[in-house]
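Here are the chains, one letter per residue:
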Amino acid sequence: MTLVTRAAQPFLTAAMLEKGAHVNAVGAIAPDREEFAQDVFARATIVAVDNLPGVQQLSREFMTRYASSGWDKVMPLHALIASGRRRSGADDVSLFKAMGMGISDLALGTELLKRAGSAARARNPQPKKMKPRLATARAKNPV
């Protein structure tokens, strides 16, 4: 599951996740934002982040959970990859918080645009300027 929101209050709870679920929390990257409830951490057997200092300063979910208890259970993504740790059947939920690595955002955007285009749902990313109109093309009686 991927969360990309500007939610001010958490809306995803642990009860909404099946065993084995993976959560990519890539939105709510400001201290006044929060996407998922604290009970998600209780089920997370793997917790990884792309930028630990950024998460420590900007992620309300993580600051609430780890600021007073310590950050030792949070793995930077590079350390998780280097460890060779893989998900197993014993893992319940895995959680990844991305604060934005620039190149990964660009890669994701490129892939989404490619898929949308192949499904005939793509929009031109650069809108064309048009004269304002007071009615839609379907309207019988323009305003």
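Residues numbered from 1 in each chain as written. Predicted model: local features only at pLDDT ≥ 70, side-chain atom pairs only at ≥ 80, totals over all residues. Heavy atoms only, no water.

A. A look at the pairing of strand β2 (residues 22-25). Residue alternation in β2 divides its side chains into a buried set, V23 and A25, and an unburied set, H22 and N24. With two bridges connecting them, strand β1 (residues 2-3) and β2 associate as parallel partners. Paired with L3 across the bridge in β2 is A25. Here β2 pairs with strand β5 (residues 93-97) via four bridges, running parallel. Bridge pairing in β5 places V23 opposite L95. (Buried < 20%, exposed > 50% of the residue type's maximum accessible area, 1.4 Å probe, protein only. Helix = DSSP H or I, 4+ residues; strand = E, 2+ residues; numbered from the N terminus. Pairing = 2+ DSSP bridges.)

B. Seen up close, the confidence of the model for the protein chain. The share of residues in the protein chain with pLDDT of 70 or more is 82%, and the mean pLDDT across the chain is 85. The least confident element of the protein chain is helix α5 (residues 103-118), whose mean pLDDT is 73; the most confident is helix α1 (residues 39-43), at 97. (pLDDT = per-residue confidence, 0-100.)

C. Spatial organisation of the sheet that holds strand β4 (residues 75-76). Here five strands make up an open sheet; going across it, the order is β1-β2-β5-β3-β4 and the pairing parallel. At either end of the open sheet lies a strand with only one pairing partner, and these are β1 and β4.

D. Expanded view of the packing of aromatic side chains. Applying the stated criterion across every chain yields a total of six aromatic pairs. Centre to centre, the rings of Y66 and W71 are 5.6 Å apart; their planes meet at 40°, and the pair counts as tilted. Residue W71 is classed as buried on the basis of its relative accessible area, which comes to 17%. Aromatic ring contacts, followed pair by pair, group F36, F41, F62, Y66 and W71 into a single cluster. (Phe/Tyr/Trp six-rings, centres within 6.5 Å; stacked < 30°, edge-to-face > 60°.)

E. Representation of the environment of N51. Mapped onto the secondary structure, N51 falls in the loop between β3 (44-49) and α2 (52-58). Taking the C-alpha atoms as reference, N51 lies 7.9 Å from L77; in sequence the two are 26 residues apart. Polar contacts involving the side chain of N51 include one to the main-chain amide nitrogen of G54, which spans 2.8 Å. (Polar contact = N/O pair within 3.5 Å; in protein donor to acceptor, adjacent residues only side chain to side chain.)

F. View of the pairing of β3. Burial of β3 is extensive: five of the six residues sit out of reach of the surface. Bridge count for β3 against β5 is five bridges, and the pairing is parallel. Counterpart to V49 in the pairing with β5 is K97. Pairing of β3 with β4 involves two bridges; the strand directions are parallel. Paired with V49 across the two strands is P76, which belongs to β4.

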